[in-house]
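Survey of secondary and tertiary structure
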Amino acid sequence: DAGVIQSPRHEVTEMGQEVTLRCKPISGHNSLFWYRQTMMRGLELLIYFNNNVPIDDSGMPEDRFSAKMPNASFSTLKIQPSEPRDSAVYFCASSTPQGTEAFFGQGTRLTVV
Amino acid sequence: AQKITQTQPGMFVQEKEAVTLDCTYDTSDPSYGLFWYKQPSSGEMIFLIYQGSYDQQNATEGRYSLNFQKARKSANLVISASQLGDSAMYFCAMREGQGGGFKTIFGAGTRLFVKA
């Protein structure tokens, strides 16, 4: 298996633009997590899905952030409009149904200028 | 509410020696899971080890072992025979509930430096 795949790896965008981050979880994993990592706040859980259903989005910072999981093999995290303070590394992770393993993608480094 | 505490911002260890990275957690749920991850300077998050709250034995994976003390709510990571490549950030994480579909949160991390 190729592991959790995120795209793009790097994104530089101007303030006000829409940004879409993509994630393909490991096949057979039924839980998917979106995290944001910054120096100031560490690793923050933004939202997670179980069987494609959003379970808890209390970590989503503002209405500018939205996430979808239309099927078991794909999820998106969208920021519209983006702001410089959204600059961070965004990780996607997926977990087995048993929950004994959870693997991360390589992350997307987002820079909003 | 869930809480994970890693009290050591940074640790030094001599190559080939063992090192313990501390992690304490707080939960009222009797069913939970504990994870450790390694994040090298390249930035990826590498899954190291998992311990379930009902597991009787401490988890081990190669040179990694998890010292699980349930009554003290601690889940320390022990790395034996440290190598230079072990220099990295290490994160402890906790998931409340049984199975994968539950919230998993992370501690602030400990940066480990292995000296030659």
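**Remarks on the state of the cysteines**
Going through the model one piece at a time under the given rule, you end up with 2 disulfides over all chains. One disulfide in the model links A:C23 with A:C92; its S-S distance is 1.9 Å. Negative torsions about the S-S bond denote left-handed disulfides, and the value of about -65° found for A:C23 with A:C92 makes this one left-handed. Of the two residues, A:C23 sits in strand β3 (residues 19–24) while A:C92 sits in strand β9 (residues 88–95), which places them 69 residues apart along the sequence. An identical accessibility class is assigned to A:C23 and A:C92; each is buried. Two residues, B:C23 and B:C92, share a disulfide whose sulfurs are 2.0 Å apart. Sign of the S-S torsion, about -65° for the bond between B:C23 and B:C92, identifies this disulfide as left-handed.

**Comments concerning the sheet that holds strand β1 (residues 5–7) of chain A**
Residue and element names in this part refer to chain A. Across the sheet, 4 strands lie side by side as β1-β3-β8-β7; this open sheet has antiparallel pairing. Edge positions in the sheet fall to β1 and β7 (65–71), since each of these pairs with one other strand and no more. For this sheet, the mean inter-axis angle between neighbouring strands, taken without regard to orientation, is 15°. Note: β3 against strand β8 (residues 74–79), 5 bridges, orientation antiparallel. Among the inter-strand pairings, C23 is bridged to a residue of β8, identified as S75.

**Considering the pattern of salt bridges**
All names here are of chain A. A complete count under the given rule lists 11 salt bridges over all chains for this structure. Residues E44 and R41 are paired through a salt bridge, measuring 2.7 Å at the closest nitrogen-oxygen approach. For R64, the salt bridge goes to D86, with nearest N and O atoms at 2.7 Å. Taken as a pair, R64 in the loop between β6 (53–56) and β7 and D86 in the loop between β8 and β9 lie far apart in primary sequence, 22 residues in all. When its relative accessible area of 2% is taken as the criterion, D86 is described as buried.

**Concerning the interface of chain A and chain B**
Listed as interface residues are 22 residues of chain A and, on the opposing side, 17 residues of chain B. Taking both partners together, chain A and chain B bury about 1,600 Å²; carbon and sulfur atoms supply 58% of that area. Among the residues chain A hides against chain B, the three largest losses belong to A:L43, A:T100 and A:F104. Together they make up 27% of the total. Inspection of the region where chain A meets chain B yields 1 salt bridge. Between A:D56 and B:K103 there is a salt bridge, and its shortest N-O distance comes to 3.5 Å. Summed over the shared surface of chain A and chain B, the result is 6 residue pairs in polar contact (both at pLDDT 80 or more). Listing elements by their share of the side of chain A that touches chain B, those giving two or more residues are β4 (31–38), β5 (42–50), β9 and β10 (102–104) of chain A.

Thresholds applied
- Residues numbered from 1 in each chain as written.
- Chains lettered and ligands numbered in written order.
- Predicted model: local features only at pLDDT ≥ 70, side-chain atom pairs only at ≥ 80, totals over all residues.
- Heavy atoms only, no water.
- Disulfide = S-S within 2.5 Å.
- Helix = DSSP H or I, 4+ residues; strand = E, 2+ residues; numbered from the N terminus.
- Buried < 20%, exposed > 50% of the residue type's maximum accessible area, 1.4 Å probe, protein only.
- Pairing = 2+ DSSP bridges.
- Axes fitted to C-alpha atoms, helices over the stretch in contact; angles between N-to-C directions.
- Salt bridge = Lys/Arg side-chain N within 4 Å of Asp/Glu carboxyl O.
- Contact = heavy atoms within 4.5 Å.
- Buried area = accessible area lost by both parts, 1.4 Å probe.
- Polar contact = N/O pair within 3.5 Å; in protein donor to acceptor, adjacent residues only side chain to side chain.

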